Amino acid sequence: PVGARGAGDDQSLEDEGLRSDLEWTRRVRHRTMTDHDDGIAVLAKQGSITFVGNVVNGVLGFAIVMLMTRFVSPSVYGLFVLATSVVLFMQVFANLGLPLAIDYFVPQYLDDDEPGKAKGVIVQVTTAVLVSATVVSIALAVGASTVSGLFREPSLAVALVLLCLLYTSPSP
């Protein structure tokens, strides 16, 4: 009869439910593994780009130090290191740590499928860092003679003015 079920019918319904659960689990696991594999590929690609950039930066930095120690006097090299240290210290105030906002917010907005907000963060951070870097550069250039007086090194003022234009530029 149409509404009658036996003990075997309950078992077949449970088997069918189990099969559909297993199929669903297999599909989710496959999709997750595929997404995971794509994520690993993107991470590997971006990581290798960052790695190559860091290697090139290190090689160029080493080459500059090697050339400077080879071709300039120890006092000129010492002046360069001192001026670079002052400018790098001031760079902390120039970028205000804002480039980290790009690292934090942009992936979130892109993951939420909001590219407009991601672009907005990039534009706002870049603008803020450009303004703050310009202010810090001008302040360092104007105060270069004061800073050079603190170190009792008159030629530091010229080195600071030249380097502040180079190093205090934004890096988002």
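The rules behind the values
- Residues numbered from 1 in each chain as written.
- Predicted model: local features only at pLDDT ≥ 70, side-chain atom pairs only at ≥ 80, totals over all residues.
- Heavy atoms only, no water.
- Helix = DSSP H or I, 4+ residues; strand = E, 2+ residues; numbered from the N terminus.
- Buried < 20%, exposed > 50% of the residue type's maximum accessible area, 1.4 Å probe, protein only.
- Areas by Shrake-Rupley, 256 points an atom, 1.4 Å probe, with all protein chains shown as cover.
- Salt bridge = Lys/Arg side-chain N within 4 Å of Asp/Glu carboxyl O.
- Axes fitted to C-alpha atoms, helices over the stretch in contact; angles between N-to-C directions.
- Left-handed = near helix turned anticlockwise from the far one by under 90°.
- Contact = heavy atoms within 4.5 Å.
- Nonpolar A, V, L, I, M, F, W, Y, C, P; charged D, E, K, R; others polar.
- Phe/Tyr/Trp six-rings, centres within 6.5 Å; stacked < 30°, edge-to-face > 60°.

Draft legend 1. Representation of the overall build of the protein within the structure. Summing up its helical and strand segments, the protein has six helices and zero strands in all. For the protein, the succession of helices and strands along the chain, N to C, is α-α-α-α-α-α. Looking at the protein as a whole, 19% of its 172 residues are labelled buried. Roughly 12600 Å² of accessible area belongs to the protein as shown, and the carbon and sulfur atoms make up 68% of that amount.

Draft legend 2. Looking closely at the pattern of salt bridges. Applying the stated criterion across every chain yields a total of one salt bridge. A salt bridge links Glu114 to Lys117; its shortest N-O distance comes to 3.4 Å. A relative accessible area of 27% means that Glu114 is categorised as partly exposed. Judged by its relative accessible area of 46%, Lys117 falls in the partly exposed class.

Draft legend 3. Spotlight on the packing of helix H2 (residues 74-95) against helix H4 (residues 115-142). Direction vectors running N to C along H2 and H4 enclose 140°, while the axes themselves pass 8 Å from each other. Crossing handedness for the pair H2 and H4: right-handed. Contacts from Val86, Val87, Met90, Phe93, Ala94 and Asn95 in H2 reach Val129, Ser132, Ala133, Val136 and Leu140 in H4. Of the residues that constitute the contact of H2 with H4, the class distribution is nine nonpolar, two polar and no charged.

Draft legend 4. Region of interest: the packing of aromatic side chains. Applying the stated criterion to the full structure yields four aromatic pairs. Between Tyr77 and Phe80, the ring centres sit 6.5 Å apart and the planes meet at 35°, which makes this aromatic pair tilted. Remark: Phe80 and Tyr77 occur in helix H2; sequence separation between them is three residues, near one turn of the helix.

It is worth stressing that arrangement in space is one thing and function is another; only the former is reported here.
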